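Chains, contacts and geometry: an overview
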Amino acid sequence: MELTAILFYLFSLVTIGAACVMVFSKNVVYSAFALMFTLIGVAAIYVLLYADFLAATQLLVYVGGILILILFGLMLTGQGHTYTFKSVTVNIVPGTVLSVAAGGLLIYAFVKTGWNVVEPIERTETVNEMGMMLMGSYILPFIVIGVLLLIAIIGAILMSTRISTENTN
């Protein structure tokens, strides 16, 4: 077995294990940290699939941005350590039947599909080519999207300051 296959299975196990901890944990902070390991595992799988731009985006946007925002929200509100979920089991039979049916359908599709085995071409960097395209032929849409995001951020700041000044009066 090749090293890349071993790494793929290792990162897959880490990702699936962390996702299970995230879903079944009753502590919100543990779930947030398990989400971090899940997202990092997905980024590692992207690296193994030669999708370096997607891996960098996964790390920067999800792990670096959204997850840190979730963790700060949990830590600053003080709800993370004291709050635990009450687990009430509802609709176990329909959920189990639907899960088994969906799993069976996925396994059937996996077994019956004729998978083409293709030798991978030599690894090339995708980030350099994407950067050249963004700063070349796609510069106008790139600038327009940047301006639209800036307008959205300014609008959100203005709306939040209006709400906070109205509540204090």
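Structure shown above.
Heads up: these notes are all about the structure in this document. (Residues numbered from 1 in each chain as written. Predicted model: local features only at pLDDT ≥ 70, side-chain atom pairs only at ≥ 80, totals over all residues. Heavy atoms only, no water.)

1. Describing the overall build of the protein chain
The number of helices and strands found in the protein chain is seven helices and zero strands. Sequence-ordered secondary structure for the protein chain, helices as α and strands as β, is α-α-α-α-α-α-α. Expressed as a percentage of contacts within the protein chain between residues at least 6 apart in sequence, the contacts between residues at least 24 apart total 63%. Of the accessible surface of the protein chain, which amounts to about 13,600 Å², a share of 75% is contributed by carbon and sulfur atoms. (Helix = DSSP H or I, 4+ residues; strand = E, 2+ residues; numbered from the N terminus. Contact = heavy atoms within 4.5 Å. Areas by Shrake-Rupley, 256 points an atom, 1.4 Å probe, with all protein chains shown as cover.)

2. A short note on a nonpolar patch on the surface
A grouping of M133, L134, M135, Y138, L140, F142, I143, V144, V147, L148 and I151 is seen on the molecular surface, where their side chains present a nonpolar patch of about 1,000 Å² in accessible area. For the nonpolar patch, the secondary-structure elements that each account for two or more residues are α6 (127–134) and α7 (139–168). Among the elements that line the nonpolar patch, the one with the most residues is α7, at seven residues. Positionally, Y138 belongs in the loop between α6 and α7. (Patch = residues over 30% accessible without salt bridge, like charges linked within 9 Å, V, L, I, M, F, W, Y side chains within 5 Å. Salt bridge = Lys/Arg side-chain N within 4 Å of Asp/Glu carboxyl O.)

3. Structural notes on the nonpolar core
Grouped together as the largest cluster of nonpolar side chains are five residues: V28, A32, L67, L71 and L74. Elements that contribute at least two residues to this core include exactly α2 (28–48) and α3 (52–77). With three residues, the single largest contributor to this core is α3. Excluding anything up to four places from it in sequence, L71 contacts A32 and F33. (Core = buried A, V, L, I, M, F, W, Y, C linked by side-chain atoms within 4.5 Å. Buried < 20%, exposed > 50% of the residue type's maximum accessible area, 1.4 Å probe, protein only.)

4. Points about the side chain of S25
Structurally, the position occupied by S25 is in the loop between α1 (3–24) and α2. Owing to a relative accessible area of 16%, S25 belongs among the buried residues under this scheme.

5. Comments concerning the environment of L7
With respect to the element layout, L7 can be found in helix α1. Note: C-alpha distance between L7 and L48 (41 residues apart in sequence) is 8.1 Å.

6. Comments concerning the packing of α1 against α2
Here α1 crosses α2 at 155°, and the two axes come no closer than 8 Å. Between α1 and α2, the crossing angle belongs to the class labelled roughly antiparallel. Like other packed secondary-structure pairs, α1 and α2 cross with a definite hand, here left-handed. Contact with α1, carried on its side by T4, L7, F8, F11, S12, T15, A18, A19, V21 and M22, involves S31, A34, L35, F37, T38, G41, V42, A44, I45 and L48 of α2 and no other residues of that element. Here the contact of α1 with α2 is built from residues that sort into 14 nonpolar, six polar and no charged. (Axes fitted to C-alpha atoms, helices over the stretch in contact; angles between N-to-C directions. Parallel < 35°, antiparallel > 145°, perpendicular 65-115°, else oblique. Left-handed = near helix turned anticlockwise from the far one by under 90°. Nonpolar A, V, L, I, M, F, W, Y, C, P; charged D, E, K, R; others polar.)

7. Overview of α1
Taking 1.5 Å per residue as the helical rise, α1 with its 22 residues ought to reach 32 Å, and the 31 Å between its terminal C-alpha atoms agrees with that figure. Buried residues of α1: S12, T15 and A18, and no others. On an axial view of α1, the arc spanned by its buried residues comes to 140°, and they lie on one face. Exposed and oriented more than 90 degrees from the buried face of α1 are L3, L13, I16 and F24. (Expected span 1.5 Å × (residues − 1). Arc of directions from axis to C-beta.)

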